[in-house]
Amino acid sequence: MEAVLKNLASTVELLAAAAHSCVVNQWDKQTVSRAFHWAKYCEHIYARFHNNSAIRRVMEKQLQLTNQSLRDAIPEYSEVSFSDLPHCQHLLLSRLLSNPELPISIIKLLFDTKSPVNDMGSEYEDITGLCSHMVQCKSACKVLRPLSGFSPLGADAEVQGEMLMERLGAMLSQGGDLHLAEHFLCSVLQLFEGAAQHLCPVIAAALLTTRDSATQAASQDFLLNWLQNQHSVLQRMCSVLPSTLLKDLAKEHLKFRDAYRSVLKKWASDMEYSLSDGEWVQTSTKPTVSFQNITDHFLALFEACPSVRRTTEDEMRTLKISDGDFDVRGLSVWGDLLAALDCQN
């Protein structure tokens, strides 16, 4: 039993280091793998002894002693209780992600979706993709949670969006280098390369996360600023997300509203009238959107932000005049958009 208590204390100290120590920036794949091994060990001893009242009391006493020692050394330390032990791997993950010193290479490894979790052929598990596996487990809990509201984003995206905000918050709240935070977001973009349909809901979930602190508000503002400079990601979001989500984002964030409007104007300006098809078609924008798509997007934006309609339509009238101000279909995309919007008003 002495060995069990010693291992328990060491693992709790490990959790504290994962959250607060700068030594994390030197951790490699094997070190993180060992850390998750010991977190899993705590889950195992909980499963084995939680119904044994005598052993449980001894373990709780050890946790009290270790927590007190760590509290004295680390003022912002969060205690580990006996009831935390069955979720020790998730606790380790959240504490690692809250530490801005965690190397981006480790984050990419943990969230790798291309390689399943497997056995390394050693005493420790392979951590590749481990976070993705945990996201699935946590998402299942969200889906099964009683009385939980339906989300069009999906549980996986909600969980990953929360993780994204936690990580950004950790990097920005401690006076972190903004370039490091940008590098982190670019790494996330690389991680989802070729899978934009999965990345866009994650970003949307992050931006729609309830802002209950100045840190979360700052994280969302930083993400919006980054998104405005990632034109391909922004266009992909506007093309793949449901209009209901885009309306929510436009209502919630002025910067997203302005960026959304700019994307729609860009799409419209890239259109040419095809005489053979008898309609406006895209010439260079990717992904390709139709004239009707653009019209529907403008209507969604106007519904979310009615004050934007007048300004936008005034701009369209000015652009129509620059095209010759003809009321003939096919001569000005702006004139035809105004007519389409008026018909569906």
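On a predicted model such as this, the values are computed, not experimentally measured, just so you know.

Engineer: Describe in detail the overall build of the chain, supporting the description with residues and values.
Structural biologist: The helix and strand inventory of the chain stands at 16 helices and two strands. For the chain, buried positions account for 47% of its 345 residues. Taking all contacts inside the chain whose residues are at least 6 apart in sequence as the whole, residues at least 24 apart take part in 65%. Of the roughly 17,700 Å² of accessible surface on the chain, a fraction of 51% belongs to carbon and sulfur atoms.

Engineer: Quick rundown of helix H16 (residues 333-343)? Include the residues and the values.
Structural biologist: Three- or four-residue spacings in an α-helix give side chains the same orientation, since the helix completes a turn every 3.6 residues. Counting buried positions over the eleven residues of H16 gives eight, a clear majority of the element. Taken together, the buried positions of H16 are occupied by Val333, Trp334, Gly335, Asp336, Leu337, Leu338, Ala340 and Leu341. Residues of H16 that are buried in the fold lie against helix H13 (254-269), strand E1 (271-274), strand E2 (279-282), helix H14 (291-304) and helix H15 (306-322).

Engineer: Please give an account of a nonpolar patch on the surface that cites residues and values.
Structural biologist: Taken together, Phe326, Val328 and Leu331 make up a surface patch of nonpolar side chains, about 290 Å² in accessible area. Here Val328 lies in the loop between H15 and H16. By relative accessible area, which is 47% here, Val328 ends up partly exposed.

Engineer: Let's hear about the pattern of salt bridges: which residues, and what values?
Structural biologist: Enumeration over the complete set of coordinates arrives at 13 salt bridges. A salt bridge links Glu303 to Lys247, with the shortest nitrogen-to-oxygen separation between them at 3.2 Å. Of the two residues, Glu303 is situated in helix H14 and Lys247 in helix H12 (residues 243-252); the sequence distance between them amounts to 56 residues. A residue is classified by how much of its surface remains accessible, and Glu303, at 55% relative accessible area, is exposed. Overall, Lys247 belongs to the buried group, its relative accessible area being 16%. Salt bridges linked by common partners bring Arg309, Glu313, Asp314 and Arg317 together as one network.

Engineer: Can you break down the packing of helix H1 (residues 2-20) against helix H4 (residues 88-97) residue by residue, with the values?
Structural biologist: Where H1 meets H4, the closest approach of the two axes is 7 Å, and the angle between their N-to-C directions is 30 degrees. Taken together, the axes of H1 and H4 lie roughly parallel to each other. Where H1 crosses over H4, the handedness of that crossing is left-handed. Contacts from Thr11, Leu15, Ala16, Ala18 and Ala19 in H1 reach Cys88, Leu91, Leu92, Arg95 and Leu96 in H4. Residue composition of the contact of H1 with H4, grouped by class: eight nonpolar, one polar and one charged.

Engineer: Go over unusual backbone geometry, please, and point to the residues and values.
Structural biologist: Its identity is not glycine, yet Asp325 carries a phi of approximately 55 degrees, on the positive side. Locating Asp325 in the fold gives a position in the loop between H15 and H16. Exposure remark for Asp325: the relative accessible area of 42% places this residue in the partly exposed category.

Engineer: Just give me the short version of the environment of Glu79, but keep the residues and values in it.
Structural biologist: Relative to the helices and strands, Glu79 resides in the loop between helix H3 (53-73) and H4. When the C-alpha positions of Glu79 and Leu15 are compared, they lie 9.8 Å apart, and in sequence the two are 64 residues distant.

Engineer: Go over the packing of helix H10 (residues 214-228) against H13, please, and point to the residues and values.
Structural biologist: Helix packing for two helices is described by the angle between their axes and how far apart those axes are. Between H10 and H13, the shortest axis-to-axis distance is 10 Å and the interhelical angle comes to 15 degrees. By the angle between their axes, H10 is roughly parallel relative to H13. Relative to H13, the crossing made by H10 is left-handed. Every residue of H13 that contacts H10 at Asp221, Leu224, Asn225, Leu227 and Gln228 is listed here: Lys255, Phe256 and Ala259. A class-by-class count of the residues in the contact of H10 with H13 yields four nonpolar, two polar and two charged.

Engineer: Tell me about the pairing of E1, and name the residues and values.
Structural biologist: Looking along a regular strand, one sees the side chains alternate between the two faces of the sheet. Relative to E2, E1 is paired through four bridges, and the arrangement is antiparallel. Bridged to Glu272 within E2 is Val281.

Engineer: Before we move on, could you go through the pairing of E2 and cite the residues and values that matter?
Structural biologist: Residues Trp280 and Gln282 of E2 are buried on one face, while the alternating residues Glu279 and Val281, pointing to the opposite face, are not. In this antiparallel pair of consecutive strands, E1 and E2, the connection spans four residues, and Gly278 shows a positive phi of 70 degrees.

Engineer: Residue-level account of the confidence of the model for the chain, with values.
Structural biologist: With 83% of its residues at a pLDDT of 70 or more, the chain has an overall mean of 83. Averaged over each element, pLDDT in the chain is lowest for helix H6 (residues 130-144) (50) and highest for H13 (95). Scored below 50 in pLDDT, residues 116-124 makes 16 contacts in the model with residues more than four places away or belonging to other chains. Predicted confidence for residues 139-150 stays below pLDDT 50, and this span has ten contacts to residues more than four positions away or in other chains.

Rules and cut-offs
- Residues numbered from 1 in each chain as written.
- Predicted model: local features only at pLDDT ≥ 70, side-chain atom pairs only at ≥ 80, totals over all residues.
- Heavy atoms only, no water.
- Helix = DSSP H or I, 4+ residues; strand = E, 2+ residues; numbered from the N terminus.
- Buried < 20%, exposed > 50% of the residue type's maximum accessible area, 1.4 Å probe, protein only.
- Contact = heavy atoms within 4.5 Å.
- Areas by Shrake-Rupley, 256 points an atom, 1.4 Å probe, with all protein chains shown as cover.
- Patch = residues over 30% accessible without salt bridge, like charges linked within 9 Å, V, L, I, M, F, W, Y side chains within 5 Å.
- Salt bridge = Lys/Arg side-chain N within 4 Å of Asp/Glu carboxyl O.
- Axes fitted to C-alpha atoms, helices over the stretch in contact; angles between N-to-C directions.
- Parallel < 35°, antiparallel > 145°, perpendicular 65-115°, else oblique.
- Left-handed = near helix turned anticlockwise from the far one by under 90°.
- Nonpolar A, V, L, I, M, F, W, Y, C, P; charged D, E, K, R; others polar.
- Pairing = 2+ DSSP bridges.
- pLDDT = per-residue confidence, 0-100.

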